[in-house]
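Examination of the molecular architecture
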Amino acid sequence: YQRRVHGGTPPQKFTAMFDTGSSNSWVISNKCPTCGEHVAYRHQLSTTYKQDGRPFGIKYGTGSMSGFLSEDKITISDITMTNFTFAEITDEPDGMLSKANFDSLIGLGFPTISVDNVEPILQQITDQNIFNTTLVAFGLCPSSVLDYVPSVAGGPVPSLPIATNGGAINFGAIDETRFLGNIQYIPLSNATYWTIMLDQLYLQGSVKKNRKLSRLFDNATVVVDSGTSLIVMRNKQADYINKQLGCIQINRPEGLSVCVFIECPIMHLLPDITFRFAERDYTLTPQQYIITKTVAPFGIPFRLCISGIGALRLPPWIDIVLGDLFMQHYYTVFDYTNRKVGFARSNPEACNSNINSFN
């Protein structure tokens, strides 16, 4: 999910991914020979550019990138910030950006995880009193997501399809047309990532299996991350759930393991998956957590079905990463001022409109 942003004077236009799983913002520089075909930032063309010059480097699970820090004006919709500090990427040796269909990334995390102690954008918005409450809200529309790398544990997603109507992102306000009912807020357990505590995870219709799940997810820590495509869990937990679904795990020791169905399942025979936060249930149906896509690798089209539960070697302080697959069905509010995350059921009618703030 991406949106246009503008940087510099006169404004240069870029496609940005908005990532709550990281705190640094960056843009591909015209000095990057390894970054592939992108709209690159040219600071020499901007009259508001200020040299910082400090070297910058960041590592993701899918690779690393480096460059240097700069300052310039940035505009997102009607929000303009001057002297915004970001990284210009000049080297990316692992090929991650050459496959990406975005030119920049806006980190929406906290200062505690910012590389080089660069002040993140939400903290700058807070410091400048742009809104009464600093928050960002995502109303994502479902799309077929087949690139799985999470930002929290593995870096930005290399390539995401842009939906016909991607949805909306709002800064400082909540779009009440995008959800049904009330938003329930869950306080953060800490202000590093957007981290909340899980009460319980259970599958529909099996007391015995849910006892096992209660043990597997006891006191589980959940990170809500707009930069992650799927729902990502530790290997043991993801393997247990996917075995109940009947898919075949494709293990990748250094990356995200996914579970593929030999034949696409009969959806009504699979269980709902429910996450309970603050005594309220958030349920995904099989139609929502099974990813389906028609592919034709040898010119013969066939239907591919993949579980939306991925497995990864997560850091010890993270048990589950709730990514876009969950956020597509639950309007999600990241309240920076009050240190809380809010969920409400998405309004599907909003995705049928032509109002689209991501594309």
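Residues numbered from 1 in each chain as written. Predicted model: local features only at pLDDT ≥ 70, side-chain atom pairs only at ≥ 80, totals over all residues. Heavy atoms only, no water.

**Some points on the environment of A16**
The criterion, for reference: By definition, any uninterrupted DSSP run of H or I lasting at least four residues is a helix, any uninterrupted run of E lasting at least two residues is a strand, and each is numbered from the N terminus. Note on contacts: a residue pair is in contact if any heavy atoms of the two residues lie within 4.5 Å.
Relative to the elements of secondary structure, A16 occurs in strand β2 (residues 12–19). With 13 residues separating them along the chain, A16 and R3 place their C-alpha atoms 5.4 Å apart. Ignoring anything within four residues of it in the chain, the contact list for A16 reads Y1, Q2, R3, V5, S104 and I106.

**Let's talk about the confidence of the model for the protein**
Cut-off, in case you're wondering: Residue-level confidence of the predictor, termed pLDDT, takes values from 0 up to 100.
Of all residues in the protein, 90% attain a pLDDT of 70 or more, and the chain-wide mean is 88. This model gives residues 144–163 a pLDDT under 50, and the stretch forms 84 contacts once residues within four places in sequence are excluded.

**Some points on the state of the cysteines**
Rules: Cysteine sulfur atoms that come within 2.5 Å of each other are treated as a disulfide pair.
On inspection of all chains with the given rule, the structure shows 4 disulfides. Between the sulfur of C32 and that of C35 lies a disulfide, 2.0 Å long from S to S. Looking down the S-S bond of the C32 and C35 bridge, the torsion is 75°, so its handedness is right-handed. One disulfide in the model links C141 with C351; its S-S distance is 2.1 Å. Looking along the S-S bond of the C141-C351 disulfide, the torsion reads about -100°, which is the left-handed sense. You can see C141 sitting in the loop between β8 (135–140) and α2 (151–154) and its partner C351 sitting in the segment after β25 (340–346), a full 210 residues away along the chain. Cysteine pairing for the protein (bonded cysteines numbered in sequence order): 1-2, 3-8, 4-5, 6-7.

**Some thoughts on the pairing of strand β9 (residues 167–171)**
Formally: Burial classes follow relative accessibility: with a 1.4 Å probe on protein chains only, a residue under 20% of its type's maximum area counts as buried, one over 50% as exposed, and anything between as partly exposed. A pair of strands is considered paired only if DSSP assigns at least 2 bridges between the two.
With 4 of its 5 residues buried, β9 lies for the most part within the structure. Direction of pairing for β8 relative to β9: antiparallel, over a ladder of 5 bridges. Bridge pairing in β9 places G139 opposite A168.

**A look at the packing of aromatic side chains**
To keep things clear, this is the line we draw: Pairing of aromatic side chains here covers Phe, Tyr and the six-membered ring of Trp, requires ring centres within 6.5 Å, and sorts the geometry by plane angle: under 30 degrees stacked, over 60 edge-to-face, intermediate tilted.
Taken as a whole and judged by the stated rule, the model has 18 aromatic pairs. Consider the rings of F275 and F326, whose centres lie 5.9 Å apart with planes at 85°: the pair is edge-to-face. Of this pair, F275 sits in strand β18 (residues 273–277) while F326 is found in helix α6 (residues 324–327), placing the two residues 51 residues apart along the sequence. The same class applies to F275 as to F326, namely buried.

**Here we look at helix α4 (residues 235–245)**
Turning to α4, its buried residues number three or more, namely Q237, A238, Y240, I241, N242 and L245. Just downstream of α4, G246 is the residue with a positive phi angle, here 90°.

**Re unusual backbone geometry**
Cis peptide bonds are those with omega within 30 degrees of zero, and the linkage from T9 to P10 qualifies with -5°. Note on placement: P10 falls in the loop between β1 (2–7) and β2. Here the phi dihedral of A278 falls at roughly 50°; this positive angle occurs in a residue that is not glycine. Here A278 shows up in the loop between β18 and β19 (280–284).

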